[in-house]
Amino acid sequence: MFGDMMGMMGKLKETQQKVEATKKRLDTVTLEETVANGLIKVTITANRVVKDIVIDESLLNNKEELEDYLTLAMNKAIEKATQINESELAAVAKEGMPNIPGMDGLFK
């Protein structure tokens, strides 16, 4: 039993390292979200760090419209990044989980 426990601990440590490596890789995965027919473009990493915002000059004269479009673009970009982030991290976690009965349904 002690050997099994050591093997599981080693597997968990390996999985933790893979999760950290995946997080670093997700810093390099970028997504773009555009709204208002391309008048606003947001670039974000899969770790939900905003890298760039491009706003067409035509929106600079209407504060409310600009705020609405910017909020929409940010929310859409964050939603996409979150989906990718959670999917990638869940895959790594599932791959590294020891085979414990009843736990197979947690990481789908």
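Anything mentioned here points back to the structure above.
Residues numbered from 1 in each chain as written. Predicted model: local features only at pLDDT ≥ 70, side-chain atom pairs only at ≥ 80, totals over all residues. Heavy atoms only, no water.

A. Quick look at the pattern of salt bridges. Applying the stated criterion across every chain, the model contains seven salt bridges. Residue Glu20 is joined to Lys23 by a salt bridge in which the shortest nitrogen-to-oxygen separation is 3.8 Å. Taken together, the residues span about one helical turn, with Glu20 and Lys23 both in helix α1 (residues 2-26) at a distance of three residues. Residue classification places Glu20 among the partly exposed positions, given a relative accessible area of 41%. (Salt bridge = Lys/Arg side-chain N within 4 Å of Asp/Glu carboxyl O. Helix = DSSP H or I, 4+ residues; strand = E, 2+ residues; numbered from the N terminus. Buried < 20%, exposed > 50% of the residue type's maximum accessible area, 1.4 Å probe, protein only.)

B. Region of the structure containing unusual backbone geometry. For Ala36, which is not glycine, the phi torsion reads 55° and is therefore positive. Inspection of the secondary structure puts Ala36 in the loop between β1 (30-35) and β2 (40-45). One non-glycine residue, Asn37, adopts positive backbone phi at about 55°. Mapped onto the elements, Asn37 comes out in the loop between β1 and β2. Exposure remark for Asn37: the relative accessible area of 83% places this residue in the exposed category.

C. Seen up close, the side chain of Thr43. Positionally, Thr43 belongs in strand β2. Setting aside residues no more than four positions away along its own chain, Thr43 makes contact with Thr30, Leu31, Glu32, Val49, Val50, Lys51 and Asp52. (Contact = heavy atoms within 4.5 Å.)

D. Quick look at the sheet that holds β1. Reading across from one edge, β1-β2-β3 is the order of the three strands in this open sheet, with antiparallel pairing throughout. In this open sheet, the two strands that pair with only one neighbour each are β1 and β3 (50-55). Adjacent strand axes in the sheet meet at a mean angle of 15°, parallel and antiparallel pairs treated alike. Where β1 lies against β2, six bridges are found, and the strand directions are antiparallel. Across the sheet, Glu32 pairs through a bridge with Thr43, a residue of β2. (Pairing = 2+ DSSP bridges. Axes fitted to C-alpha atoms, helices over the stretch in contact; angles between N-to-C directions.)

E. The pairing of β3, seen in detail. Here five bridges tie β2 to β3, and the two strands are oriented antiparallel to one another. Bridge pairing in β3 places Ile44 opposite Val50. Hairpin connection between β2 and β3: a loop of four residues separates the two successive antiparallel strands, and Arg48 in this loop has a positive phi of roughly 65°.

F. Representation of the nonpolar core in the model. With eleven residues, the main nonpolar core is built from Leu31, Val35, Ala36, Ile40, Val42, Ile44, Leu59, Leu66, Ala73, Ala77 and Ala81. Mapped by element, the contributors of at least two residues to this core are β1, β2 and α2 (63-96). For this core, the element with the most residues is α2, which contributes four residues. Grouped together as the second largest cluster of nonpolar side chains are five residues, Leu26, Ala46, Leu89 and Val92 included. (Core = buried A, V, L, I, M, F, W, Y, C linked by side-chain atoms within 4.5 Å.)

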